[in-house]
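For reference, the chains in residue letters:
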Amino acid sequence: MELKAAQVVFLCFLCGLKADPEDGGGGWSLPSDFSLQDEGVCNIDVLDRSQISYQEFIQRYAYSRPVVLRGFTDNTKFRLLCSKSTLLEEFGSRTVKLSTANTFSYRKVDVSFQQYVDVLLRPQAADTLGSETLYFFGDNNFTEWQSLFDQYESPPFVLPNTSGAFSFGIAGAGTGVPFHWHGPGYSEVVYGRKRWFLYPPDKEPHFHPNRTTLSWVTETYPNLPEEEAPLECTIRPGEVLYFPDRWWHATLNLDTSVFISTFLG
Ligand SMILES: O=C(O)CCC(=O)C(=O)O
C-alpha cells in the first residue's frame, strides 16, 4: 500500500502524540504529575565533549571544583531499560533497600520494588522530615541488578588509581538527599531533572541533618547572604555532574527521577 505524504505526516503526528509522554519520562512522570519548576541558576561550568580533554579535566576540575559534562556518553539503551514498565517487569518482585533521606542515613527498610513504586514513590511532603522519608538510592543488590548495570555507560573521565562503583535510585518530585560529603564521583539522571547544591570542603553549609533538602531550599536558601550562596546546577538526561572529593552536596529531584551515581574510589 502506498501512503500519500499527507497520510505519512498524520501518522507521524499520532506517533509523536503517543510517544512523547512515555519517551520523555519513561512512564515515571506524566505531564499532569507534580513537579518543581524552579531550576535555579547554573553557576557551574557545563562543557560538551569538544570543549574539554581528559588532561584539562584533571588539571581544572578533578581535584578542585565541580563540572557538568554534557553528551559524553550514549545511554539510550540503558534509558529504555529504565522505563517504568520494563523495570517493573524485570525487577518488580525483587527486594530493594531504602534509606531515610537525612544526612546520616540511619534507617534502612527492605520492600519489594513493586511496593516501593506503588506505595512509597510519591512527591516529598513539605512537612515530613528527611529522617522520615524513605529514598531508594544505593545499597543496590549487584547480583540481581547486574544485567541492568552492565548496560550503563559510565562517564569516561576516571581519576587515576580509582574505579567506579554504581548507586542506582528512583525517587519522587521534591525528594532529595540533604547536605553531606564523601569521595569524588558523578551523578547522572536517566529520567527527570535533579537540582544540585555544592560547597567546597572548607565551607560547611548551615542545615539541619534530619530535615529535607526541600525545606532547606524553601526556608534557608532564599535568606542566604550572597557570600554563602552555593554552587548549583540542574542536570537533565545526557548530562553528568562531577563532584570532587569531600565537597558538601545536597540534591533535589524536580520531577520523579531515575538516577545513577558513579563513585570513584
Ligand atoms: O542522587 C541523589 O539524590 C543523591 C546523590 C548523592 O548524594 C550522592 O551521589 O552522593
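Residues numbered from 1 in each chain as written. Predicted model: local features only at pLDDT ≥ 70, side-chain atom pairs only at ≥ 80, totals over all residues.

Student: It is not clear to me how the overall build of the protein chain should be interpreted in this structure. Could you clarify?
Tutor: When helices and strands are tallied, the protein chain shows seven helices and 12 strands. Since a compact globule built from 265 residues should have a radius of gyration of about 18 Å, the 19 Å found for the protein chain is in line with a globular shape. In terms of overall dimensions, the protein chain has C-alpha extents of about 70 × 45 × 40 Å along its principal axes. Here the protein chain holds 265 residues, and 35% of them are scored as buried. Relative to all contacts within the protein chain whose residues are 6 or more apart in sequence, the contacts with residues 24 or more apart total 84%. (Helix = DSSP H or I, 4+ residues; strand = E, 2+ residues; numbered from the N terminus. Rg over C-alpha atoms; globule rule 2.2 N^0.38 Å. Buried ≥ 20, exposed ≤ 12 C-beta atoms within 10 Å, placed from the backbone. Contact = placed C-beta atoms within 7 Å.)

Student: Before we go on, may I ask you to explain the UniProt feature "domain: JmjC" (unreviewed entry) in the protein chain in this structure?
Tutor: Taking the numbering used here, the UniProt-annotated feature "domain: JmjC" (unreviewed entry) corresponds to residues 131–265. Span residues 131–265 is 9% helix and 36% strand, its end C-alpha atoms 27 Å apart. (UniProt positions renumbered as here; feature names shortened; annotations may be inferred.)

Student: Whenever I open this one, the nonpolar core confuses me. Can you help?
Tutor: As a rule of thumb, soluble globular proteins bury nonpolar side chains together. Of all hydrophobic cores here, the largest spans 52 residues; its most connected members are Val68, Phe136, Leu241 and Tyr242. When sequence neighbours within four positions are dropped, the list of residues in contact with Val68 reads Ile44, Asp45, Val46, Cys233, Ile235, Glu239, Val240 and Leu241. (Core = buried A, V, L, I, M, F, W, Y, C linked by C-beta atoms within 7 Å.)

Student: What exactly am I supposed to notice about the environment of Leu121 here?
Tutor: Considering the arrangement of structural elements, one finds Leu121 in the loop between helix H5 (113–120) and strand S5 (134–137). Looking at Leu121, the number of C-beta atoms within 10 Å reads 18, which means it is partly exposed. The sequence separation of Leu121 and Val96 amounts to 25 residues, and the corresponding C-alpha distance is 13 Å. For Leu121, the contacting residues outside a window of four places in its chain are Tyr116, Ile170, Gly172 and Thr256.

Student: Help me understand the sheet that holds strand S3 (residues 95–100), please; the structure alone is not making it clear to me.
Tutor: Neighbouring strands of a sheet are bound in pairs by backbone hydrogen bonds; such pairs are parallel or else antiparallel. Taken together, nine strands build an open sheet; the order of strands is S1-S2-S10-S7-S12-S6-S5-S3-S4 and the sheet is mixed. The open sheet is flanked by strand S1 (46–48) and strand S4 (108–112), the only strands paired with a single partner. Here the strands of the sheet are splayed against their neighbours by 30° on average, with no regard to which way each runs. Both strand S7 (residues 185–191) and strand S10 (residues 239–243) contribute to a ladder of four bridges, which runs antiparallel. Residue pairing in the sheet places Tyr186 in a bridge with Tyr242 of S10. Along the sheet face, H5 touches S3, S4 and S5 and points at about 100° away from the line of S4. (Pairing = 2+ DSSP bridges. Axes fitted to C-alpha atoms, helices over the stretch in contact; angles between N-to-C directions.)

Student: Sorry, what's going on with H5 here?
Tutor: Residues that lie three or four places apart on an α-helix share one face, since the helix turns once every 3.6 residues. Those residues of H5 lying buried are Phe113, Tyr116 and Val117. Buried residues along H5 cover an arc of 90° about the axis, so they all sit on one side. Those residues of H5 that are exposed and aimed more than 90 degrees away from the buried face are Asp118 and Val119. (Arc of directions from axis to C-beta.)

Student: I'm lost on the site of the ligand in this one. Help?
Tutor: The environment of the ligand is formed by Phe137, Gly176, Val177, Gly185, Ser187, His249, Thr251, Phe259 and Ser261. Residue classes in the shell around the ligand are distributed as three nonpolar, six polar and no charged. (Near = placed C-beta within 6 Å. Nonpolar A, V, L, I, M, F, W, Y, C, P; charged D, E, K, R; others polar.)

Student: What exactly am I supposed to notice about the sheet that holds strand S9 (residues 231–235) here?
Tutor: Pairing is antiparallel in the open sheet, where three strands are placed in the order S9-S8-S11. Every other strand in the sheet has two partners, leaving S9 and strand S11 (248–253) as the edge strands with one partner each. Within this sheet the neighbouring strands show an average axis-to-axis angle of 15°, counted without direction. With six bridges joining them, strand S8 (residues 194–199) and S11 adopt antiparallel strand pairing.

Student: I would appreciate a short explanation of the pairing of S7 in the present structure.
Tutor: As a general feature of sheets, a regular strand has side chains that alternate between the two faces. In terms of burial, S7 is largely enclosed, as seven of its seven residues are buried. Relative to strand S12 (residues 257–264), S7 is paired through six bridges, and the arrangement is antiparallel. Within S12, the residue paired with Gly185 across the bridge is Phe263.

Student: Please clarify how the confidence of the model for the protein chain should be interpreted in this entry.
Tutor: For residues with low pLDDT, the predicted coordinates do not support detailed interpretation. Chain-level statistics for the protein chain give a pLDDT mean of 90 and a share of 91% at 70 or above. Low confidence marks residues 1–22, where pLDDT is under 50. Its contacts with residues over four positions away, or in another chain, come to four contacts. (pLDDT = per-residue confidence, 0-100.)

Student: Whenever I open this one, the pairing of S10 confuses me. Can you help?
Tutor: Burial analysis of S10 places four of its five residues in the buried class, the great majority of the element. Note that strand S2 (residues 67–70) and S10 share four bridges and pair antiparallel. By the bridge assignment, Val67 is partnered in S10 with Tyr242.

Student: Which parts of the structure should I look at to understand unusual backbone geometry?
Tutor: Generally, phi is negative for residues other than glycine and the peptide bonds are trans, each holding for most cases. Here Asp139, not a glycine, exhibits a phi torsion of approximately 50°, which is positive. The topology assignment puts Asp139 in the loop between S5 and helix H6 (146–149). A residue is classified by how many C-beta atoms lie within 10 Å of it, and Asp139, with 15 of them, is partly exposed. We note that Asn161 has phi near 60°; this positive angle belongs to a residue other than glycine. Structurally, Asn161 is set in the loop between H6 and strand S6 (164–171).

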